[in-house]
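Summary of the model geometry
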Amino acid sequence: MEATDRLLSEAETDPKIRRLCSDILGLVLHENHFMFQDTFYIQRQRTAMGSNVAPPYAVAYMAALEGYVFNHPLFRQYSRTWQRFIDDTFCGWDRPLETLLLFDTYINNIWPEVKFTLQHNTKNISFLDTMTFTPKPKASGSRIPFVNTYHPYSRRVEASLRRHWSILSKSYPNVPKFQQPFLSCYRRPPNIKDRLVRADIGSSTRVPRQVFLRTQKRGTFPCLNCLQCNNIQKGDKIFHPHTGRSIPVRGYFTCESTHVIYMIKCPCGLAYIGETTQAVNDRISQHKSNIRCNRDHLPLPHHFRTMGHNVAQLKFKVMEQIEQGRRGQNRVKLLKKREWDIILPSLSSKSWNKLNKAAGDRTG
């Protein structure tokens, strides 16, 4: 808390904002929770891994600690570089090992809550999954780096590039970097650890899903158990009524799907985008009732009455569904946000439909 307050003070933050940040940070640190196998726990000491506040809190904490580090005589005399990423540090030391060990003892006694693990080597050392080597004298000039993920065939790709590099050097003789061969660099490919280790190992109680004997189709399909099945518009794509741009349907849906974003298409070619938390067939039934009852204060019935459409001409299709998150996200909020993500980009020019500019039919 003191480290964060000091950082905000140095940034000349407004006192009211500083007190607000301190209160919020205190709430997060004292109600420190994490989830393991669908069960939430309160962590009594330190910060829970995966918390959104953990990285900035660690940065503020380490920034306060560096004030003691930089003022130490050994550091000012022997240190050549100090690089830090959150709480991982890289230090270049230009004197015997004894002085480095003395400095390590000092920084480990500044605050008992923070302990540094010292790894040292005179030739190479790993920092943030990157192997760092003792620098060699640099040749004059700079070379263009060619960075790619390592693969057994990477050497063949490199050889092919070197074989045709003369095309660039001859085509652009005035570019000095093209007159030198490129520099090959490789990044580490995903290993077994990257594929197996996860911060969230998944739910301990998995919900059985429907098994399809063949590739699952995408689109909206009738449930064969309601009156709205005849109004379904089949297909795995939706076409924008003005631009003609195709938008893929994200998933397999029926009339009974809930928490969905749907599209209603009328015979004149316009489209209405809506969202609902209830079963989509119930929502379409409400739209039909509003049209039959001539409720002109709502945009959809007003449009159908003005254009002379009837409920039999109403066609709908589900665009996508918002799944329930395992960490307790607000599903309704995500649903409304995703709906406006679809509508808003088109309001500046030609919207999906003038109907969506009215807010009278926002009930889900």
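With an unreviewed UniProt entry as reference, the protein chain is termed GIY-YIG domain-containing protein, source organism Ranitomeya imitator.

Some remarks on helix α2 (residues 15–30)
Across its 16 residues, α2 extends 22 Å between first and last C-alpha, which sits within 8% of the 22 Å expected from 1.5 Å per residue. Looking at the buried side of α2, the elements it contacts are α1 (2–10) and α3 (54–70).

Considerations on the side chain of Asn108
On the secondary structure map, Asn108 appears in helix α5 (residues 97–108). A distance of 3.0 Å separates a polar atom in the side chain of Asn108 from the backbone oxygen of Asp104. A polar contact of 2.6 Å, which involves the side chain of Asn108, links it to the backbone nitrogen of Phe116. Residues contacting Asn108, with those up to four places away along its chain left out, are Val114, Lys115 and Phe116.

Observations regarding the state of the cysteines
Counted according to the given criterion, the structure contains 0 disulfides. With no disulfide of its own, Cys226 lies 3.5 Å from the sulfur of Cys223, the closest cysteine sulfur.

Quick notes on the nonpolar core
Counting residues in each nonpolar core, the largest one holds 30 residues, and the members touching the most others are Ile264, Val280, Ile284 and Met319. Of all the elements in the fold, those that place two or more residues in this core are β13 (260–265), β14 (271–276), α8 (280–292), α9 (299–307), β15 (315–321) and α10 (331–347). With sequence-adjacent residues up to four places away left out, Ile284 is seen in contact with Gln228, Tyr262, Ile264, Leu314 and Phe316.

Digging into a nonpolar patch on the surface
There is a patch of nonpolar side chains on the surface, built from Phe34, Phe36 and Tyr41 and spanning about 280 Å² of accessible area. Looking at the secondary structure, you find Phe36 in strand β1 (residues 33–36).

Some points on the sheet that holds β14
Taking strand neighbours across the sheet as the criterion, the 3 strands line up as β14-β13-β15 in an open arrangement whose pairing is antiparallel. At either end of the open sheet lies a strand with only one pairing partner, and these are β14 and β15. When strand polarity is set aside, the average angle formed by the axes of neighbouring strands in this sheet is 25°. Two elements, β13 and β15, share 6 bridges in a ladder whose sense is antiparallel. If you follow Val260 over to β15, its bridge partner there is Gln321. In the packing of α8 onto the sheet, the strands contacted are β13, β14 and β15, and the crossing angle to β13 comes to about 40°.

Regarding α1
Among the residues making up α1, those that are buried are Ala3, Thr4 and Leu8. Mapping the buried residues of α1 onto a view down its axis gives an arc of 135°, with all of them on the same face. Away from its buried face, by an angle of more than 90 degrees, α1 presents the exposed residues Glu2 and Glu10.

As for the pattern of salt bridges
Going through the model one piece at a time under the given rule, you end up with 9 salt bridges. A salt bridge links Arg188 to Asp194, with the nearest nitrogen and oxygen atoms 3.0 Å apart. Residue Asp194 is classed as partly exposed on the basis of its relative accessible area of 34%. Across the salt bridge formed by Asp341 and Lys337, the nearest N and O atoms sit 3.3 Å from each other. With a gap of 4 residues between them, Asp341 and Lys337 both fall in helix α10, about one helical turn apart. What makes Asp341 partly exposed here is its relative accessible area of 36%. Taking relative accessible area as the criterion, Lys337 reaches 51% and is therefore assigned exposed. Ionic contacts of the salt-bridge type, sharing partners, join the residues Arg155, Glu158 and Arg162 into one network.

The rules we used
- Residues numbered from 1 in each chain as written.
- Predicted model: local features only at pLDDT ≥ 70, side-chain atom pairs only at ≥ 80, totals over all residues.
- Heavy atoms only, no water.
- Helix = DSSP H or I, 4+ residues; strand = E, 2+ residues; numbered from the N terminus.
- Expected span 1.5 Å × (residues − 1).
- Contact = heavy atoms within 4.5 Å.
- Polar contact = N/O pair within 3.5 Å; in protein donor to acceptor, adjacent residues only side chain to side chain.
- Disulfide = S-S within 2.5 Å.
- Core = buried A, V, L, I, M, F, W, Y, C linked by side-chain atoms within 4.5 Å.
- Buried < 20%, exposed > 50% of the residue type's maximum accessible area, 1.4 Å probe, protein only.
- Patch = residues over 30% accessible without salt bridge, like charges linked within 9 Å, V, L, I, M, F, W, Y side chains within 5 Å.
- Areas by Shrake-Rupley, 256 points an atom, 1.4 Å probe, with all protein chains shown as cover.
- Salt bridge = Lys/Arg side-chain N within 4 Å of Asp/Glu carboxyl O.
- Pairing = 2+ DSSP bridges.
- Axes fitted to C-alpha atoms, helices over the stretch in contact; angles between N-to-C directions.
- Arc of directions from axis to C-beta.

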